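These are the residues of each chain, in order.
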Amino acid sequence: MSKFMDKIKETARADKKTIVLAEGEERRTIDAAAQILKEGYANIILLGNESKIKSMADGLDISEATIIDPDTSELTEELGNGLYELRKKKGMLPAQAAEKVKDVLYFGCMLVKTGRADGMVAGAVHATADVMRSSLQTIKTAPDTKVVSAFFLMMVPDCEYGNNGTFVFSDCGLNEYPDSEKLAEIAISSSKSYKSLVGGEPKVAMLSYSTYGSAKSEQVDLVKNAADKAKELAPDLKLDGELQLDAAIVPSVASLKAPDSDVAGQANVLIFPNLDAGNIGYKLVQRLAKAEAYGPMTQGMAKPVNDLSRGCSAEDIAGVVAITCVQAQNQD
Ligand SMILES: CC(C)(COP(=O)(O)OP(=O)(O)OC[C@H]1O[C@@H](n2cnc3c(N)ncnc32)[C@H](O)[C@@H]1OP(=O)(O)O)[C@@H](O)C(=O)NCCC(=O)NCCS
Ligand SMILES: CC(=O)OP(=O)(O)O
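All of the points below concern the structure found in this document. Here the structure is a predicted model, which means the values were calculated and not measured.

Calculation criteria
Residues numbered from 1 in each chain as written. Chains lettered and ligands numbered in written order. Predicted model: local features only at pLDDT ≥ 70, side-chain atom pairs only at ≥ 80, totals over all residues. Heavy atoms only, no water. Near = heavy atom within 4 Å. Polar contact = N/O pair within 3.5 Å; in protein donor to acceptor, adjacent residues only side chain to side chain. Areas by Shrake-Rupley, 256 points an atom, 1.4 Å probe, with all protein chains shown as cover. Helix = DSSP H or I, 4+ residues; strand = E, 2+ residues; numbered from the N terminus. Nonpolar A, V, L, I, M, F, W, Y, C, P; charged D, E, K, R; others polar. Expected span 1.5 Å × (residues − 1). Contact = heavy atoms within 4.5 Å. Pairing = 2+ DSSP bridges. Axes fitted to C-alpha atoms, helices over the stretch in contact; angles between N-to-C directions.

## With respect to the site of ligand 2
Moving on, step 1. In the region of ligand 2, the neighbouring residues are Thr-128, Asn-279, Tyr-282, Lys-283, Pro-296, Ser-309 and Arg-310.
Moving on, step 2. Between an oxygen atom of ligand 2 and a side-chain N or O atom of Ser-309, the distance comes to 2.7 Å.
Moving on, step 3. A distance of 2.7 Å separates an oxygen atom of ligand 2 from a polar side-chain atom of Arg-310.
Moving on, step 4. Here ligand 2, which alone exposes 260 Å², has 86% of that area covered by the protein.
Moving on, step 5. Residue contributions to the shell around ligand 2 peak at three residues, all from helix α12 (residues 275-288).
Moving on, step 6. Of the residues assigned to the shell around ligand 2, the class counts are two nonpolar, three polar and two charged.

Here's what the structure looks like:
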């Protein structure tokens, strides 16, 4: 575990938040809960059947976790009514809300929505679309944001690029084929995530297979337009594009392909043109470069709900919980 993650945990510990782990009946999640409680940086709510969770814990100490079963909890009726109020305009009926709220993802989101928890983490079992849909439908976007997007915090070992191997990669989890307006918003949100979690100055590269017009296509234009739009919206932000990945992070290549750029060769926030590139890109770096990969974490949501890859480890879950706590602190 990196020094960076130790720092995030220390920050989390200083103002302890309560995080729902919706997939309480899942061994890696239980393992993560035990680690988090031992390290003392979050209060944990596990959702699921108490005796099942306790028997799965099998020697792990989760005695300080609160366990809530949506099938039997005294909160279920109230949270179901709340869900109905939120979704009735979209055609949800009271009976449908009463049933839906028993789904751990919706129950967890409603705990966050009603202030009983500060954030939620799930996705070790559920697909991203399910985790995201439940939170987008209930918690919704932060007041100053239209587009929720999903980033990864990547920590590449023995790497001289970015911030000594630390990067924000985005969007790797949510927006499939963003237009240039959405891509510009994703870039600006990602720069804020970098600033609040990593610290220091974000340098944002809008990635493409082209650098400064070296290739021509509609997709290249989309990325270039997104870069122009983002510069208009955030003139003080160091942001450039379109740039190829080597021009974005390798100084010697940057000096050949984009010598006048104040981002090329130094980028620490990498914005992928679409979800194919972002999702494949983060998994390549995670698996081949053995990077720590925390996410996909949301940005632009009113309260933090963060996803996981189904391939995650207990350490990944514990790390995402720590980052969720810091996001919740930043939203206070
Ligand atoms: C997340 C996802 C399911 C949302 O899809 P969707 O079809 O828009 O879902 P819904 O129509 O049910 O939308 C739910 C709500 O979220 C809102 N929403 C969807 N995407 C949003 C975004 N990026 N930002 C803000 N709000 C968003 C919708 O407007 C809708 O609001 P409303 O119902 O209150 O009007 C979709 O973007 C998706 O599947 N993304 C890919 C996820 C994935 O497979 N990732 C790969 C592995 S990480
Ligand atoms: C982020 C991601 O790719 O999630 P999964 O591996 O669960 O599809």
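## Remarks on helix α9 (residues 218-233)
Moving on, step 1. With 16 residues, α9 should reach 22 Å at 1.5 Å per residue; the first-to-last C-alpha distance of 22 Å fits that figure.
Moving on, step 2. At its buried positions, α9 is contacted by α8 (180-197), β7 (203-207) and β8 (238-243).

## What about the site of ligand 1?
Moving on, step 1. The local shell around ligand 1 holds 20 residues, among which Arg-87, Lys-90, Lys-140, Val-148 and Leu-174 are the closest.
Moving on, step 2. One nitrogen or oxygen atom from the side chain of Gln-137 is found 3.3 Å from an oxygen atom belonging to ligand 1.
Moving on, step 3. Within the backbone of Val-148, an N or O atom sits 2.8 Å from a nitrogen atom of ligand 1.
Moving on, step 4. In isolation ligand 1 offers 940 Å² of accessible surface; the protein chains occlude 65% of this area.
Moving on, step 5. For the shell around ligand 1, the secondary structure elements donating two or more residues are α7 (128-138) and α12.

## Some words on the sheet that holds strand β3 (residues 66-68)
Sheet strands pair by backbone hydrogen bonding; their relative direction is either parallel or antiparallel.
Moving on, step 1. In space, the five strands of this open sheet follow the order β3-β2-β1-β4-β11, with parallel pairing throughout. Among the strands making up the open sheet, the edge pair consists of β3 and β11 (305-306).
Moving on, step 2. In this sheet, strand β4 (residues 119-121) lies alongside strand β1 (residues 17-21) in parallel orientation, the contact comprising three bridges. Across the sheet, Val-20 pairs through a bridge with Met-120, a residue of β4.
Moving on, step 3. Helix α13 (residues 314-331) rests against β1, β2 (42-47), β4 and β11 of the sheet, and its axis sits at about 135° to β1.

It is worth stressing that arrangement in space is one thing and function is another; only the former is reported here.
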